[in-house]
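Structural overview for review
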Amino acid sequence: MAPIVDIHTHVYPPKYMELLRSRTTVPYVREFPDAPDSSRLIILPGEDDPSMPSTSRGRPIGSEYFDIKQKIAFMDQHKIDKSVISLANPWLDFLPAEEAGQKAVEINNDVNEQCELYPGRLYFFGTLPLSSDTDTIVKEIERLSTLKRARGVILGTSGLGSGLDDPKLDPVYAALQKHNQLIFLHPHYGLPTSVYGPRASEYGHVLPLAMGFPLETTIAVTRMLLSGVWDRFTGLNVLLAHSGGTLPFLAGRIESCILHDGHLKAHGKTEKRRDIWEILKTNIYLDAVVYSTVGLNAAIEASGADRLLFGTDHPFFPPLEADAMEWHSVNANYTAISKSFSGEDEKAQGVLGGNAVRILKLED
Ligand code: 5CU
């Protein structure tokens, strides 16, 4: 039996918690006077709206966000053998350029040390100092490739500030390709809050998380594709959060729009390019954090069962009932895998962990 591996699972390590607690603008962690006993994590754009009661800003943050023992307890509780942990959003995107390089070193070392406490159980995707200059970013990629438990990097969609189709990212992509480091691409910024409408505050976090996150990922990847990132870096591998947002469902439409675009044709950009289907099956991996067979089947169809990897998104999406033993969000992903691969045990085992062990070299 292959081990069960969770490749989408976050932490805010102690060094990062210190940083969040020292801040007064988003992102930050603090207690509010009307609820002094509970800290709140405020990270998403718009979450800090002063018109909201402080207890509905952001989300409560407890030790499950930063105590590595709790990660292990969660893994044990849900029969997860290994986890590839990553710093949660918004990573270091907000730091001034001159601070980012040193903070990335501290935080990556911090996470590597936490992984070392549980040999064979914990690995991590490192964090890059993206607000810094590309030399500093490349240096951290090189350094990460020497850290024992590092298995790639987690990246948001903003890149150096202008998105992932920015040609200034080429040295970063070149270094990642050279050191064979996977990018775990994860959303944070969502869509402009105006699209959620004037009643948005009545709907909790549903619109930014269910719609904003996946669409942000889809747009970011499509921009990478359109700008020819994978034509220049044919060995660059990217793991997309939330089963690629809506990419598997929209891939046909994206490809058709490219083929029918007069502007692209006039600039010779519809020929001599690797199409989206090839990239989905060669450069892209998808996590299985989509909570239903409908999304999972689209992911399987688009990239193949051997490129799909189980994840939980822990510590986000905890059960709302105080006494719940198991997490519904985790069980929804387990159930979707079991239903989609009914009678195909080998493929199910691959998605649950075998693929991750092979792709991320998790044998100790
Ligand atoms: O609930 C949330 O806000 C989040 C988040 O910020 N990041 C994430 O990975 N999942 C859920």
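Check the entry above for the structure.
Counting from 1, residues in each chain are numbered in the order their sequence is written. Since the coordinates come from a predicted model, pLDDT governs what is reported: local features require at least 70, and pairs of side-chain atoms require 80 or more to be given and counted, while whole-chain, interface and lining totals use all residues. With hydrogens and water excluded, all non-hydrogen atoms of the structure serve as input to the side-chain values.

1. Here we look at the side chain of H8
Runs of H or I in DSSP of at least four residues are treated as helices and runs of E of at least two as strands, each being numbered from the N terminus. You can see H8 is positioned in strand β1 (residues 5–11). In this structure H8 comes out as buried when scored by relative accessible area, which is 0%. Any N or O atom pair separated by 3.5 Å or less is treated as a polar contact, with the protein-specific requirement of one donor-capable and one acceptor-capable atom, and with residues adjacent in sequence counted only for side-chain atom pairs. For H8, the side chain forms a polar contact with the side chain of H186, separated by 3.2 Å. By definition, residues are in contact when any of their heavy atoms lie within 4.5 Å. What H8 contacts, discounting residues up to four positions off in sequence, is F184, H186, A241, H242, D287, V289, F310, G311, T312, D313 and H314. Partly exposed describes any residue whose relative accessible area lies between the buried limit of under 20% and the exposed limit of over 50%, with all areas from a 1.4 Å probe on protein chains only and scaled to the type maximum.

2. Let's talk about the layout of surface pockets
A cavity here means a set of 1 Å grid points, computed over protein atoms only, where a 1.4 Å probe fits but cannot escape. A pocket is an open set with protein on both sides within 12 Å along at least 5 of 7 lines, and lining residues have an atom within 4 Å of a point. Grid points are joined across faces, edges and corners, and a volume is the space filled by probe spheres set on the points. Size it by volume and the largest pocket reaches roughly 670 Å³. Looking at the largest pocket, it is lined by 26 residues, and the ones nearest its centre are A210, P214, V289, V290 and Y291. The element that contributes the greatest number of residues to the lining of the largest pocket is helix α6 (residues 206–226), accounting for seven residues. Each residue gets one label: Ala, Val, Leu, Ile, Met, Phe, Trp, Tyr, Cys and Pro are nonpolar, Asp, Glu, Lys and Arg are charged, and the others, such as Gly, are polar. Residue composition of the lining of the largest pocket, by class: 17 nonpolar, eight polar and one charged.

3. Topic: the site of the ligand
Inspection of the region around the ligand gives H10, I43, L44, R59, N89, H186, L209, F213, D313, F316 and F317 as its neighbouring residues. In this structure, an oxygen atom belonging to the ligand sits 2.8 Å away from a side-chain N or O atom of R59. Here a nitrogen atom of the ligand sits 2.8 Å away from a polar atom, N or O, in the side chain of N89. Coverage of the ligand by the protein chains reaches 97% of its 280 Å² of free accessible surface. Class assignment of the residues belonging to the shell around the ligand gives a composition of six nonpolar, three polar and two charged. Near residues are defined by distance, with any heavy atom within 4 Å of the molecule or strand qualifying the residue. Every accessible area reported is derived by Shrake-Rupley at a probe size of 1.4 Å, with residue values counting cover from the shown protein chains alone.

4. Brief notes about the sheet that holds strand β10 (residues 284–287)
Two modes of strand pairing occur in sheets, parallel and antiparallel, and in both the strands are linked by backbone hydrogen bonds. The criterion for strand pairing is that DSSP finds at least two bridges linking the strands in question. With respect to topology, eight strands assemble into an open sheet ordered β1-β5-β6-β7-β8-β9-β10-β11, the strand pairing being parallel. The outermost strands of the open sheet, each flanked by one partner alone, are β1 and β11 (308–309). Taken together, the two bridges between β10 and β11 define a ladder with parallel strand orientation. When the sheet's bridge partners are listed, L286 is paired in β11 with L308.

5. Side note on empty space enclosed by the protein
Under the defined criterion, the tally for this structure stands at one cavity of 30 Å³ or more. Space inside the largest cavity adds up to approximately 30 Å³. Along the walls of the largest cavity sit W91, D93, T127, L128, L130, I154, L155 and G156, which together make up its complete lining. Taken together, the residues of the lining of the largest cavity break down into five nonpolar, two polar and one charged.

6. Some points on the environment of I337
Residue placement: I337 occurs in helix α12 (residues 328–340). What makes I337 buried here is its relative accessible area of 1%. In the structure, I337 is positioned 27 residues away from F310 in sequence and 8.5 Å away in space, judged by C-alpha atoms. When sequence neighbours within four positions are dropped, the list of residues in contact with I337 reads A288, L296, F310, A348, V351 and L352.

7. Describing the sheet that holds strand β3 (residues 35–42)
Across the sheet, which stays open at both edges, the three strands sit in the order β2-β3-β4 with antiparallel pairing between neighbours. Pairing within the sheet leaves two strands with one partner each, and these edge strands are β2 (28–32) and β4 (59–60). Alignment of β3 against β4, held across two bridges, turns out to be antiparallel. Pairing of R40 across the sheet is with P60, part of β4. Only the stretch in contact is used when fitting a helix axis, every axis being a line fitted to C-alpha atoms; angles between N-to-C directions are given from 0 to 180 degrees. The sheet strands contacting helix α1 (residues 14–21) are β2 and β3, and the helix crosses β2 at an angle near 60 degrees.

8. Some words on the packing of aromatic side chains
Only Phe, Tyr and Trp rings are paired, with Trp represented by its six-membered ring, and only when their centres lie within 6.5 Å; those with planes under 30 degrees apart are stacked, over 60 edge-to-face, the remainder tilted. Within the structure shown, the criterion is met by nine aromatic pairs. For the ring pair F74 and W327, a centre distance of 5.1 Å and an interplane angle of 70 degrees mean the geometry is edge-to-face. Of the two residues, F74 sits in helix α2 (residues 68–77) while W327 sits in the loop between β11 and α12, which places them 253 residues apart along the sequence. We note that F74, like W327, is buried. Aromatic side chains F125 and F184 sit 5.4 Å apart centroid to centroid with 45 degrees between the ring planes, which places their arrangement in the tilted category. Of this pair, F125 sits in strand β6 (residues 122–127) while F184 sits in strand β8 (residues 182–185); the two residues are 59 residues apart in sequence, bridging distant segments of the chain.

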